[in-house]
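# Reading the structure
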Amino acid sequence: MGLTLERPTQAPGPSVPLSSSGSNRGKRARWVWGWAYSGVLSVLLTLTVLLGYLVTGIASGTVDWTALLTSSTWSPGNLTFGGLAMIYGSAVVCVLALLLAVPVGWAAAIALSEYLPPRLAKPLRLSIELLAAVPSIVYGLIGIMIIRPFVAGLGNVPGGDSLLAAGIVLAVMIMPTIAAVSVDALAAVPGRYREAAYSLGLTRREVIRSAVLPRARSGMRAGVLLGLARALGEAIAVFLVIGRADDRLPESLGDVFSFLVRPGQTLTTKLAGPEPMLAGTSGPYFAALCALGVILLVLVAVATVWGTRGSAKGGARAPRARRSSAWLRIPKDRLTTVVRLGALLLPGTLLLGMLGILLARGGAALNPVFWFTASEGAAGGGIRDQILGTLLLLATTALIALPLGYGAGIVIGTRASAKATRVLETLTVTVGGTPTILLGLAGYVLFCTTMGWGRSWLAGTMVLVPVVVPVVALTTAGRIRSMPAEITEAALALGLTSSQYVRSVVIPYTWPATLTGLLLGLARAAGETAPLIFTATVFFGAPAVPSGIVNAPIQALPTHIFTLSQDSGAPEAVDQAWGSALVLVLITAALLGLAVFLRNRFEGARRWTV
Amino acid sequence: MSFTISESSRRTVRSTGRRVRQGASLASACLLLSAALTGCAGSAKAGSNAIQASGSTTVAPVASDAAEALKSKGLNITVATQGGSAGGISQLGTGQINIALSSKPLSETDKKAYPDTDFVTTQIGADAVGVIITKEVADGGVKGLSKAQVAGLFEGKITNWKEVGGPDLQVFVYDKEPGRGTREVLDKFIYGEGEPPAPPKSANYAIVGGNLETRNKLKSTRGSIAPLSTGFIDGHPELVAVPLEGVAPSLANVASGAYPMTRPLFMITNGKPEGTVKQYIDYILSPNGQKLLTQHGYLTLKQMGL
């Protein structure tokens with residue numbers, strides 16, 4: 001088997017020959033592939049379990065799909081299951097969130113990456129990443145305490161529970177995600193494109209438009225899709241502010257706007273409510289809920305496939321020639337500069353505002369006693385047990401997710417053919433974008449009901465692992481893809497087998513990115529609420545350290561905040577909730593800080609390759 | 001000719017070799033994964049000896065206080081409230097918990113849904129569900145509501161408080177999630193054994209879950225109304241439980257049964273309570289435990305004449 005120096009244009013990563021014939025050194029590192037493939041299998045296993053749960057659920061009763069998709073009457077008592085109002089609710093809150101978040105997120109990302117000097121951009125980029133990693137339950141708390149009253153004050157909206165409030169909460173939540181991913185995409189565009197464009201005498205706006213954006217577009221679109229997936233799948237933050245009223249559907253176009261300020265229901269809030277517990281595990285009620293889950297999953301998958309299809313093509317496509325009018329070049333350039341830098345103010349204000357609120361109201365967390373004492377009653381004492389529970393979940397999740405995600409990333413990045421890569425990547429992104437409420441429900445039925453574990457920390461871990469694995473896998477695969485071809489070629493020219501190549505070239509090159517991915521994934525898992533409510537946590541009485549593995553529930557910060565934020569009438573509960581939120585943010589910030597530290601060290605070390 | 005054959009056969013050999021290698025890595029991957037999974041499952045048999053209780057947010061405060069009191073005696077009890085009374089009953093039916101907290105009597109449908117479970121109910125006290133309105137509305141003239149008026153309000157037919165003698169203010173209805181004991185009590189008051197109609201499509205209607213959430217939303221919304229256990233509005237002067245059909249939810253009226261929305265509070269077990277579960281329930285039935293009910297605004301068994 002000869003060495004091909006020319007890499008196939010379609011292959012997204014360095015495609016490695018499976019083995020160099022005539023060499024017997026491959027045996028030494030065979031374990032690499034066993035491990036790598038188990039990562040891929042874990043992704044497939046998650047999908048199988050998820051689909052198994054949904055399909056057997058649907059098969060356990062009859063689902064009237066026509067009614068589900070066209071009727072808005074949801075009445076389990078009369079065995080009438082219409083899901084249209086929930087589909088409508090999901091669509092409206094996502095569209096609202098994207099309308100608000102995408103322009104700001106993109107503009108902020110461009111300002112950050114193309115306009116600001118690195119000295120300023122670096123800390124700002126860090127802040128945006130911090131915002132993107134803020135647990136959604138904290139956004140839910142802000143939604144209840146600030147956005148609900150804000151919407152209530154907008155007009156005749158008693159209480160403020162509405163689709164609009166949910167849309168705003170989601171927009172605030174996904175805007176940093178969109179910005180952070182877009183910044184990465186922009187930063188990945190090599191400087192030589194900019195230099196070439198500037199040397200042609202183009203203005204900054206024109207350089208960005210014709211040289212930078214075409215190359216960053218697929219990454220920026222991926223950011224939007226990540227944001228959309230997060231918005232579609234978010235359950236708890238929406239649950240807290242949407243009002244959860246069934247059967248709401250505007251009858252005319254004019255109604256659409258008045259319905260924005262009315263309570264509604266989305267697919268996720270329906271699933272996060274009490275009904276999955278009431279529906280049992282078979283029969284038409286359970287089947288209808290599973291059918292809603294399928295619709296949710298399909299929506300996420302469609303968004304995912306739509307996004308990855310674009311990026312696969314985008315890699316090979318040459319930037320289109322753009323005809324740009326020479327009219328008012330300089331003023332246009334100045335205007336866009338102002339707009340883009342202005343857009344940066346929004347996330348900046350958001351960050352400062354959130355930090356301010358958290359520090360002002362979560363003062364309890366500044367007292368070390370709060371960290372190290374157990375809670376008393378409903379809203380007194382400290383949160384020691386909740387912190388320990390959260391850390392236990394994170395540690396076990398990391399132990400399981402790191403090897404699996406790393407393995408999957410290596411397979412996606414090096415082994416698979418272009419087509420297989422696309423399929424695998426799509427599957428991984430789908431698992432990563434899977435609404436966590438579905439993972440929670442599948443875990444609830446599989447571990448808690450069928451296997452009889454009851455609520456246990458292990459069930460919670462099992463539900464969080466699929467949240468982290470895709471993040472690790474995708475960052476690893478992305479890093480492998482960005483490996484200079486020379487390295488791969490040199491390694492193969494030295495006669496390394498593919499497993500030796502992975503062991504001595506790929507792993508040293510990617511591990512900082514992988515760990516960064518792990519920390520980012522963990523930061524996300526730390527704030528997961530919906531799946532834990534069903535599988536792992538109780539509000540009161542769980543011991544600080546579980547005495548067993550199954551039937552051993554714990555307490556965790558996200559669910560603690562969730563319960564307390566609903567009890568926001570009592571001042572001591574409010575303080576407790578904000579204090580817990582601040583602690584949770586600090587934990588995610590620590591994870592993220594570590595990720596950034598790694599990345600910085602790693603970027604310093606990378607210079608030899610460029 | 002022979003050259004091409006040998007070339008192609010060599011290619012086949014090589015590709016089968018590749019397939020074998022790929023198969024080997026796949027197989028070892030399966031082994032690794034299954035080892036990890038069975039490793040977890042194998043060590044998973046050691047369960048904890050904690051008692052798990054879950055269900056009604058009405059019963060939960062009493063249950064947690066009792067659990068706290070028994071902690072010193074070495075009893076380890078967890079309390080969760082996901083899904084309300086019906087959620088507790090379904091978790092008991094599927095064997096996930098030891099005690100279901102319920103603020104509604106067990107129904108025939110519950111028993112039918114879990115035929116393998118031997119539901120044993122123990123009443124621990126009683127409670128009154130009030131139709132709660134804000135002080136602003138009560139002060140504005142709503143001194144009592146009839147059954148028809150309550151029905152009109154919750155069905156969205158009465159949309160302004162002035163229609164029932166109150167201020168000129170829009171009504172905002174907070175209804176309870178399905179499966180909540182509180183809602184069943186209200187339905188029983190309005191509709192008797194009949195099936196309640198679908199919720200109204202009015203703009204001023206939203207769903208709430210637990211009691212604390214209900215109270216919080218009532219307090220933050222002008223002109224709101226919701227069914228809520230009267231024990232939860234003690235110490236919250238901005239909320240008022242209106243008299244129904246001229247009967248106020250006072251202790252005497254609830255104990256005598258004159259107030260129409262009285263309900264029993266239960267702890268439900270699978271089979272007769274035994275061991276630590278019995279110890280826990282017995283504590284709540286003891287004079288010390290019964291005091292907890294009074295503390296949370298509920299009625300003791302003695303007050304109910306039971």
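Everything in this summary refers to the structure shown in the same document. Note that the structure is a prediction, hence the values are computed from the model and not measured. (Residues numbered from 1 in each chain as written. Chains lettered and ligands numbered in written order. Predicted model: local features only at pLDDT ≥ 70, side-chain atom pairs only at ≥ 80, totals over all residues. Heavy atoms only, no water.)

Let us now look at the overall build of chain A. On a plain count of helices and strands, chain A comes out with 24 helices and four strands. Taken across its 610 residues, chain A has 60% of its residues classed as buried. Across chain A, every contact between residues at least 6 apart in sequence was considered, and the portion connecting residues at least 24 apart equals 81%. Total accessible area computed for chain A in this model is approximately 23,200 Å², and 67% of it derives from carbon and sulfur atoms. (Helix = DSSP H or I, 4+ residues; strand = E, 2+ residues; numbered from the N terminus. Buried < 20%, exposed > 50% of the residue type's maximum accessible area, 1.4 Å probe, protein only. Contact = heavy atoms within 4.5 Å. Areas by Shrake-Rupley, 256 points an atom, 1.4 Å probe, with all protein chains shown as cover.)

With that settled, the discussion passes to the overall build of chain B. In terms of regular secondary structure, chain B is built from 11 helices and nine strands. Across the 306 residues in chain B, those meeting the buried criterion constitute 52%. Of the contacts made within chain B by residues no fewer than 6 positions apart, 75% connect residues no fewer than 24 positions apart. Accessible surface computed for chain B: about 13,100 Å², of which carbon and sulfur atoms make up 57%.

Here the focus is empty space enclosed by the protein. All names here are of chain B. Here the structure, examined in full by the defined rule, presents 10 cavities of 30 Å³ or more. In this structure, the second largest cavity spans a volume of roughly 60 Å³. Surrounding the second largest cavity, Leu153, Gly156, Ile158, Thr159, Val171, Val173, Pro200, Ser202, Asn204 and Tyr205 form its lining. (1 Å grid on protein atoms, 1.4 Å probe; cavity = no way out; pocket = protein on both sides within 12 Å on 5 of 7 lines; lining within 4 Å. Points joined across faces, edges and corners; volume = space filled by probe spheres on them.)

Working note: a packed helix pair is described by the angle between its axes plus the distance between those axes. All names here are of chain B. The geometry of helix α10 (residues 275-285) relative to helix α11 (residues 287-295) is characterised by a closest axis approach of 4 Å and an angle of 65 degrees between their N-to-C directions. One way to sum up the angle between α10 and α11 is to call them roughly perpendicular. Mapping the contact onto sequence places Tyr283, Ile284 and Leu285 in α10 and Pro287, Asn288, Gly289, Gln290 and Leu292 in α11. Among the residues making up the contact of α10 with α11, the classes are represented as five nonpolar, three polar and no charged. (Axes fitted to C-alpha atoms, helices over the stretch in contact; angles between N-to-C directions. Parallel < 35°, antiparallel > 145°, perpendicular 65-115°, else oblique. Nonpolar A, V, L, I, M, F, W, Y, C, P; charged D, E, K, R; others polar.)

This brings us to helix α4 (residues 118-133) of chain A. With 16 residues, α4 of chain A extends 22 Å between its outermost C-alpha atoms, agreeing within 8% with the 22 Å of an ideal straight helix rising 1.5 Å per residue. Listing the buried residues of α4 of chain A in full gives Ala121, Arg125, Ser127, Ile128, Glu129, Leu131, Ala132 and Ala133 of chain A. (Expected span 1.5 Å × (residues − 1).)

With that out of the way, let us pick up the nonpolar core. Grouped together as the largest cluster of nonpolar side chains are 172 residues, with contacts concentrated most on Ile410 and Ile437 of chain A. Beyond its immediate stretch of four places on either side in the chain, Ile410 of chain A contacts Trp33, Trp35, Arg415, Thr476, Ile480, Val502, Val506 and Ile507 of chain A. In this structure, Ile51, Ala53, Leu101 and Val277 of chain B belong to the second largest nonpolar core, which totals 38 residues. (Core = buried A, V, L, I, M, F, W, Y, C linked by side-chain atoms within 4.5 Å.)

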